[in-house]
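Read off the chains here:
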Amino acid sequence: MNREIIDINDYTILLEEASTENSLIDSCFFDEPVIAIAFYGAGDVGLNVKFNGKVKEFHHTKGMVLSFYADNMVEFEHHVSKLKSLQCLVIATTIRNIDKLPNDEGQFLEQFLYQLIHPNDHYVEGPVFNMSPEMFQLVEQFFSNTYEGKIKMMFYKSHITALLSHYFGQLAKQQNTKLDTSQIEKINLAQEILLSDLENPPSLTELANRIGTNTNKLKIEFKAQFGVPVFKYLQNERLKKAYSLIKNEQKTIQEAAWVVGYDSLGSFSNAFEKKFGYRPSQV
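Sequence positions are assigned chain by chain, starting from 1 and proceeding in written order. In keeping with the predicted nature of the model, local features appear solely for residues at pLDDT of at least 70, side-chain atom pairs appear and are counted solely at 80 or more, and the whole-chain, interface and lining totals rest on all residues. Excluded from the side-chain calculation are hydrogens and water; included are all heavy atoms of the structure.

**Describing the sheet that holds strand 5 (residues 46-51)**
For two strands to count as paired, DSSP must find a minimum of two bridges between them. Where helices and strands are cited, they refer to DSSP runs of H or I of at least four residues and of E of at least two residues respectively, numbered from the N terminus. Overall, antiparallel pairing links the four strands, which are arranged 3-8-5-6 in an open sheet. Each having just a single partner strand, strand 3 (23-28) and strand 6 (54-58) make up the two edges of the open sheet. Neighbour to neighbour, the strand axes of the sheet diverge by 20° on average, direction disregarded. Taken together, the six bridges between strand 3 and strand 8 (residues 75-81) define a ladder with antiparallel strand orientation. By the bridge assignment for strand 8, Ile25 is matched with His79. Angles run from 0 to 180 degrees between N-to-C directions of axes, and those axes are lines fitted to C-alpha atoms, restricted for helices to the stretch in contact.

Laid out in structure tokens, this is it:
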């Protein structure tokens, strides 16, 4: 279990990472009431939020963004197993610090997360949605950077600002495009189907049929929820998995390309460079 706590610009940043061959439960509390945004990166850990004798369960956390107010009576319980590792970045602040936050971030919190600024319970939940590819990449960089000292703090400051910009931008889009609950469930199912078979994904028509909608609705609502078209999202996930295979599992470039469904090494390398800014051979 790795846990790092950093104080930046009246925010407290919590980086948590854990994996295990068996299973473990990691519980954490906040010492004082906080308004926080949790970004769940690689892995798919289970999460139980316990308060007032109630339990709120999250079973699929990979890529999830969870905003909340919580006081010291709330327990956050992560269930880590071999197939469900933990990688979580939490940006937290207190109500008394709202007016001190830089870049008008306090105003954005008041505008988009009003119910958290004015809580009526020990735990109040704000918007829950899935990260855009840009947000996902920023979160990954928090866990993969190797900087030290003042350079590391400079890196954290710039990336926190970028991550919050994407976060509030996505909230602004959601205010303009509201999806009903049943449609959100269908779009989340479409995401799960895509992620379950990156090598041989269904066609757009097949995907629409499997979730019980038509292709036009699928295209519109998927982009509204995830910020990118269906197969742009699929391509981003393929390339992120390939990056991980090359860097963390020492796969060859050819092996990584095959695993994520690329038959042409040239096409894979070009798409990889377009997304990350460098060739796979430079990873």
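**Thoughts on empty space enclosed by the protein**
In this analysis the probe radius is 1.4 Å and the grid spacing 1 Å, with only protein atoms considered; a cavity is a set of points the probe fits into but cannot get out of, a pocket is an open set with protein on both sides within 12 Å along at least five of seven lines, and lining residues have an atom within 4 Å of a point. Grid points are joined across faces, edges and corners, and a volume is the space filled by probe spheres set on the points. Inspection of every chain in the model, using the stated rule, returns three cavities of 30 Å³ or more. Within this model, the largest cavity holds a volume of roughly 70 Å³. Lining the largest cavity we find 13 residues, and of these Tyr40, Phe68, Phe76, His78 and Val90 sit closest to its centre. When contributions to the lining of the largest cavity are tallied by element, the ones reaching two or more residues are strand 2 (11-18), strand 4 (34-40), strand 7 (64-70), strand 8 and strand 9 (86-93). Nonpolar residues are Ala, Val, Leu, Ile, Met, Phe, Trp, Tyr, Cys and Pro. Charged residues are Asp, Glu, Lys and Arg, and all others, Gly as well, are polar. Of the residues contributing to the lining of the largest cavity, the split by class is eleven nonpolar, one polar and one charged.

**What to know about helix 10 (residues 265-276)**
Taking 1.5 Å as the rise per residue, helix 10 with twelve residues should run 16 Å; its terminal C-alpha atoms sit 16 Å apart, in good agreement. Residues of helix 10 that are buried include every one of Phe268, Ser269, Ala271, Phe272, Lys275 and Phe276, and no others. Projected down its long axis, helix 10 carries its buried residues within an arc of 165°, all on one side. Looking at the buried residues of helix 10, the elements they touch are helix 3 (133-144), helix 8 (230-248) and helix 9 (253-259). Positive backbone phi, at 90°, marks Gly277, one or two positions downstream of helix 10. The span you would expect from a helix comes to 1.5 Å times its residue count less one. Burial here depends on accessible area, computed with a 1.4 Å probe over protein chains only, as a share of the maximum for the residue type. Under 20% is buried, over 50% is exposed, and the range in between is partly exposed. Of all possible arcs, the one meant is that of the directions from the helix axis to the C-beta atoms. Here, residues are in contact when the closest pair of their heavy atoms is within 4.5 Å.

**Description of the sheet that holds strand 1 (residues 2-8)**
Overall, antiparallel pairing links the six strands, which are arranged 1-2-9-4-7-10 in an open sheet. Pairing within the sheet leaves two strands with one partner each, and these edge strands are strand 1 and strand 10 (123-130). Here the strands of the sheet are splayed against their neighbours by 15° on average, with no regard to which way each runs. Across the sheet, helix 3 lies against strand 2, strand 4, strand 7, strand 9 and strand 10, angled at about 100° from strand 9, the strand it touches most.

**Quick notes on the pattern of salt bridges**
Salt bridge criterion: a side-chain nitrogen from Lys or Arg within 4 Å of a carboxyl oxygen from Asp or Glu. Enumeration over the complete set of coordinates arrives at eleven salt bridges. Among the ionic pairs, Arg96 bridges to Glu32, the shortest N-O distance being 2.8 Å. In this pair, Arg96 is assigned in the loop between strand 9 and helix 1 (105-112) and Glu32 in the loop between strand 3 and strand 4, connecting sequence segments 64 residues apart.

**So, the nonpolar core**
By size, the foremost hydrophobic cluster in this structure holds 36 residues, and its most contacted members are Phe39, Leu89, Leu163 and Tyr167. Take this core: its biggest share by element is eight residues, from helix 4 (residues 149-176). If sequence neighbours within four positions are ignored, Tyr167 has contacts with Ile37, Phe39, Val65, Ser67, Leu113, Phe129 and Met135. Buried Ala, Val, Leu, Ile, Met, Phe, Trp, Tyr and Cys residues form a nonpolar core when they are joined through side-chain atoms within 4.5 Å.

**Quick look at the layout of surface pockets**
Of the voids in this model, the second largest pocket is the one considered here, and its volume is about 420 Å³. Surrounding the second largest pocket, 19 residues form its lining, Ile5, Thr12, Phe30, Asp31 and Val34 being those nearest its centre. Secondary-structure elements contributing two or more residues to the lining of the second largest pocket are strand 1, strand 2 and strand 9.

**Considering the UniProt feature "domain: HTH araC/xylS-type" (unreviewed entry) in the protein chain**
Here the UniProt-annotated "domain: HTH araC/xylS-type" (unreviewed entry) positions come out as residues 188-283. As annotated, residues 188-283 comprises 70% helix and 0% strand, and the C-alpha atoms at either end are separated by 31 Å. UniProt positions are given in the numbering used here, feature names are shortened, and annotations may be inferred rather than shown by experiment.

**As for unusual backbone geometry**
Backbone geometry places Asn52, a non-glycine residue, at a positive phi of 55°. Along the chain, Asn52 falls in the loop between strand 5 and strand 6. Residue Gln250 is not a glycine yet carries a positive backbone phi of 55°. The exposed category is assigned to Gln250, whose relative accessible area is 61%.

**As for the pairing of strand 9**
Among the eight residues in strand 9, eight count as buried, and that is most of the element. Neither face of strand 9 is open: one carries Leu86, Cys88, Val90 and Ala92, the other Gln87, Leu89, Ile91 and Thr93, and all of them are buried. In this sheet, strand 9 lies alongside strand 2 in antiparallel orientation, the contact comprising seven bridges. Across the sheet, the residue bridging to Thr12 is Ala92, located in strand 9. Pairing between strand 4 and strand 9: six bridges, direction antiparallel. Bridging across to strand 9, Ile37 finds its partner in Ile91.

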